Amino acid sequence: MMLPPNEAADFKPVPAGTHMALCYRVIDLGTQTVEWQGDIKHQRKALLSWELPTEPMEDGRPFTISQRYTLSSHEKANLRRDLESWRGKRFTEADFGPGGFDIKNVLGVPCLLGVIHAEKNGKTYANIASISAPPKGMDIPKGANDHVYFSLETDQFSAGVYESLSSGIRNVIAQSPEYQALLTTTDEPPAQDAPDARTDDFEDSEIPF
């Protein structure tokens, strides 16, 4: 019996437009090797994922979309730009470093995502073009996905959360030196439950992060 032709699944991209979204996942990918225009760099990466509670797929689950960021506070970094737009205010130097802004604070926080489509090799991809705070008084729907936070810091690492991630994300994390260091440590890293930052009530006056 011969194998059938390879037919890739026909996944529908997130619809283009502006959508209410809730951040439900923050994943530390560790330091990754990046090649750009012949230059090789080693950059700490993070993955943020949002669900679109008002945009259901055919099976009733909300569309989701993710963005990979370089973990950088540089004024030109995409992560800092998007977080400042989301917060509606700029960071100060006191927000950086120990005791400063913790990226896990975005879990469960609503925003407006601007999504655009791009064509490549005959396929349509959805990309995040903008992130901003929702207007005051806007009704914030409840999310459907559990909140997931994963960190490669020794005191926050959770083997259980790591195993719950998709094989593709685990493979990326496994290539990082931070993950390799956790494997070779003499003491097994403590496993902790991922914090549940879910809240469905938001003050109109300020986004809580």
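Here goes a summary of the coordinates provided. What you see is a predicted model, and the numbers here were worked out from it, not measured in a lab.

Rules used throughout
- Residues numbered from 1 in each chain as written.
- Predicted model: local features only at pLDDT ≥ 70, side-chain atom pairs only at ≥ 80, totals over all residues.
- Heavy atoms only, no water.
- Helix = DSSP H or I, 4+ residues; strand = E, 2+ residues; numbered from the N terminus.
- Buried < 20%, exposed > 50% of the residue type's maximum accessible area, 1.4 Å probe, protein only.
- Polar contact = N/O pair within 3.5 Å; in protein donor to acceptor, adjacent residues only side chain to side chain.
- Pairing = 2+ DSSP bridges.
- Salt bridge = Lys/Arg side-chain N within 4 Å of Asp/Glu carboxyl O.
- Phe/Tyr/Trp six-rings, centres within 6.5 Å; stacked < 30°, edge-to-face > 60°.
- Core = buried A, V, L, I, M, F, W, Y, C linked by side-chain atoms within 4.5 Å.
- Contact = heavy atoms within 4.5 Å.

The next thing to look at is the side chain of Ser49. Relative to the helices and strands, Ser49 is located in strand β2 (residues 39-56). Exposure remark for Ser49: the relative accessible area of 0% places this residue in the buried category. Within the local environment of Ser49, its side chain forms a polar contact with the side chain of Ser66, the two groups lying 2.6 Å apart.

Turning our eyes to something else, we now look at the pairing of strand β4 (residues 110-120). Sheet topology places strand β1 (residues 17-36) next to β4; six bridges connect them, and they run antiparallel. If you follow Leu22 over to β4, its bridge partner there is Pro110. In terms of strand pairing, β4 meets strand β5 (residues 123-132) through nine bridges, oriented antiparallel. Pairing of Val115 across the sheet is with Ile128, part of β5. Between β4 and β5, which pair antiparallel and follow one another directly, the connecting turn spans two residues, one of which, Asn121, has a positive phi of 50°.

Inspection of every chain in the model, using the stated rule, returns eight salt bridges. Between Arg44 and Glu178 there is a salt bridge whose closest N-O contact spans 3.6 Å. Of this pair, Arg44 sits in strand β2 while Glu178 sits in helix α4 (residues 177-184), and the two are 134 residues apart along the sequence. Measuring nitrogen to oxygen at the nearest pair gives 2.7 Å for the salt bridge that ties Asp59 to Arg61. Taking the relative accessible area as the measure of exposure, Asp59 reaches 48% and is therefore partly exposed. A relative accessible area of 53% means that Arg61 is categorised as exposed.

Counting across every chain of the model gives seven aromatic pairs. Relative to Phe157, the ring of Phe150 lies with its centre 5.7 Å away and its plane at 70°, an arrangement referred to as edge-to-face. Seen in terms of ring centroids, Phe157 and Tyr179 are 6.5 Å apart; in terms of plane orientation they differ by 55°. Their pairing is tilted. Taken together, the residues Phe157 in the loop between β6 (148-150) and α2 (159-164) and Tyr179 in helix α4 connect sequence positions 22 residues apart.

Another point: unusual backbone geometry. For Asn121, which is not glycine, the phi torsion reads 50° and is therefore positive. For Asn121, the position within the fold is in the loop between β4 and β5.

Looking now at the nonpolar core. Within the largest apolar cluster, 24 residues are counted, with the highest numbers of intra-cluster contacts made by Val26, Leu48, Trp50, Ile65, Trp86, Leu113 and Ile131. Contributions of two or more residues to this core are made by β1, β2, β3 (62-70), α1 (78-87), β4 and β5. Those residues in contact with Ile65, other than ones at most four positions away along the chain, are Val14, Leu48, Ser49, Trp50, Leu52, Leu113, Val115, Ala126, Asn127 and Ile128.

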